[in-house]
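What follows is the residue order along each chain.
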Amino acid sequence: MSTTDRFVIVGAGLAGARAAQTLREEGFAGGVVVLGDEPERPYERPPLSKGLLTGAAEPDSVFVHDAGWYAAHDVDLRTATRAVAVDRAARTVRLADGEQLRYDKLLLATGATARDLAAPGVHLAGVLRLRTLADSRRIGAALVDGARVVIVGAGWIGLEVAAAARRRGATVDVVETAALPLRRVLGDEIARVFADLHRDHGVTFHFGAEVHEIHGTDRVCSVRLADGTELPADAVVVAVGVRPNTELATAAGLAVENGIHVDASLRTADPDVHAAGDVANAYHPVLRRRLRVEHWANALHGGPAAARAMLGQPVSYDDLPYFYTDQYELGMEYIGHAPPGAADRVVVRGDLAKREFIAFWTAGGRVLAGMNVNVWDVVPAIRRLVTAAHPVDLDRLADPDVPLADLLPPDPPAARQAG
């Protein structure tokens, strides 16, 4: 690559920041420009619904790099700067102020936007969403002792906010259209673990419920459900998922369907344009399907993978989806991919009642994904079970006395000899 080459990264989140870091670590000496529409430098999102809300994390701990890193590594970080168009023929990015920014390679790491409710009153003061650092600060200010908080949506973000709110003394009602929290992701048996966890900590669930209207004059004062139930509210947190920010890609004529279509090297059909993070719908070479992953680890590893591909290195991004949560005394890690309906059996190793177990989603005896709850140092073994695509004895898988290592397929002869 020439020192006159310029790589532009649209999106100053974790994926974009890690891509810029990797370009420099790999010796790229050309120009690197990172564009972010938020005023803050790149930060990580998991603390926004975890440590920042509970007070366990220091405010500055969320940032990917210290404030001086970008100048020290000759990275042109432009915050509060919005890209409004990509001209692939001219290889330029047009900014909101009219500047045309030339690129030789372009990375779209534009992330996602929190979905909203289609209900009257959703724009009242005190109705909050959680996607940005500013959002987290606003929610944190609302989670005071005695506050009445209504959370709409019992997914991961909704439950993490509920846990933080209860730890800070707020009264919490959670409104969810399904019959259990996380039901679509986990299935009934494991979803009940999370429902019971939150009930044990004083959360009130309203399952099979929908928000009809949010009441208030200037500020929210209550939430009315479709069945007429009225929930008093000093704050409402809407946590009903996100949508990928694909507008730039769509307008530029790139293939878009549930994210920007990229191959296993995170490259679009245009060889000079890549995508990474929440916005990328990538072909996964191990799972042999397209996958858009919204979790932290995908941004952490996907940004560097895209950067290496932009440099012309051979890349096959095959990291398995991984995420974690911390709620009250429960810690959990999940690795693999088991979409709804894919598993024919969930195998539990351990004690659901004590919330110390590993759950495995299996199909035809193969492990699709595993979730360890308050059981640690097992992710590498679960990863090997998933990637092996090798049937296992499910009764032995459920037996805590059988080491997970004993269920793994043997290394191929070449690997044993190399070791």
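Residues numbered from 1 in each chain as written. Predicted model: local features only at pLDDT ≥ 70, side-chain atom pairs only at ≥ 80, totals over all residues. Heavy atoms only, no water.

Moving on, we come to helix H1 (residues 14-25). Between its terminal C-alpha atoms H1 stretches 16 Å, which fits the 16 Å expected from 12 residues at 1.5 Å a residue. Summarising burial for H1: 10 of the 12 residues are buried, a large majority. At its buried positions, H1 is contacted by strand E1 (6-10), strand E2 (31-35), helix H4 (69-72), strand E3 (75-78), strand E7 (105-108) and helix H10 (296-310). Where H1 ends, the next residue or the one after it, Gly27, has phi of about 90 degrees, a positive value. (Helix = DSSP H or I, 4+ residues; strand = E, 2+ residues; numbered from the N terminus. Expected span 1.5 Å × (residues − 1). Buried < 20%, exposed > 50% of the residue type's maximum accessible area, 1.4 Å probe, protein only. Contact = heavy atoms within 4.5 Å.)

This brings us to the confidence of the model for the chain. Taken over all residues, the pLDDT of the chain has a mean of 95, while the share at 70 or more is 97%. Confidence drops under a pLDDT of 50 for residues 415-419, and excluding neighbours within four residues, the segment shows two contacts in the predicted structure. (pLDDT = per-residue confidence, 0-100.)

What the five strands build is an open sheet, ordered E3-E2-E1-E7-E19; its pairing is parallel. Single-partner strands in this sheet number two, and they are E3 and strand E19 (273-275). This sheet shows a mean twist of 15 degrees between the axes of neighbouring strands, independent of strand direction. The pairing of E7 with E19 spans three bridges and is parallel. Residue Leu107 lies in a different strand from E19, and its bridge partner there is His274. The strands touched by H10 within the sheet are E1, E7 and E19, with E7 carrying the most contacts at an inclination of about 165 degrees. (Pairing = 2+ DSSP bridges. Axes fitted to C-alpha atoms, helices over the stretch in contact; angles between N-to-C directions.)

Across the seven residues that make up strand E23 (residues 330-336), a large majority, seven, are buried. In terms of strand pairing, strand E22 (residues 322-327) meets E23 through six bridges, oriented antiparallel. By the bridge assignment for E23, Gln327 is matched with Leu330. Relative to strand E26 (residues 366-373), E23 runs antiparallel, the two sharing five bridges. Note on E26: the bridge partner recorded for Met332 is Val373.

The next subject is the sheet that holds strand E24 (residues 345-351). Strand order in the open sheet made by the five strands is E22-E23-E26-E25-E24, with antiparallel pairing throughout. This sheet does not close on itself; its edge strands, each paired only once, are E22 and E24. The average angle at which neighbouring strand axes cross in this sheet is 15 degrees, direction not considered. The sheet contacts of helix H6 (residues 156-167) involve E22 and E23, and relative to E22 the element is tilted by about 25 degrees.

A separate point is the packing of aromatic side chains. By the definition in use, this model includes eight aromatic pairs. Ring geometry for Trp69 versus Tyr70: centroids 5.0 Å apart, planes at 80 degrees, classification edge-to-face. The buried category is assigned to Trp69, whose relative accessible area is 12%. Assessed through its relative accessible area of 3%, Tyr70 is described here as buried. Connected via pairs of aromatic rings, a cluster forms that spans Trp156, Phe194, Phe323, Tyr334 and Trp361. When the ring centre of Tyr324 is taken as origin, the NZ or CZ atom of Lys50, which lies over that ring, is 4.8 Å away. (Phe/Tyr/Trp six-rings, centres within 6.5 Å; stacked < 30°, edge-to-face > 60°. Lys NZ or Arg CZ within 6 Å of the ring centre and 35° of its normal.)

So, about the pattern of salt bridges. Tallied over the full model, the rule gives 24 salt bridges. For Arg183, the salt bridge goes to Asp188, with nearest N and O atoms at 2.6 Å. Judged by relative accessible area, Asp188 falls into the partly exposed class, the value being 29%. A salt bridge links Glu329 to Arg355, with the shortest nitrogen-to-oxygen separation between them at 3.6 Å. One end of the pair, Glu329, is in the loop between E22 and E23; the other, Arg355, is in the loop between E24 and strand E25 (356-363), with 26 residues separating them in the sequence. Under the relative-accessibility criterion, Glu329 is labelled partly exposed at 47%. Among the charged side chains, a network of salt bridges with common partners joins Arg91, Arg102, Asp104, Lys105 and Asp272. (Salt bridge = Lys/Arg side-chain N within 4 Å of Asp/Glu carboxyl O.)

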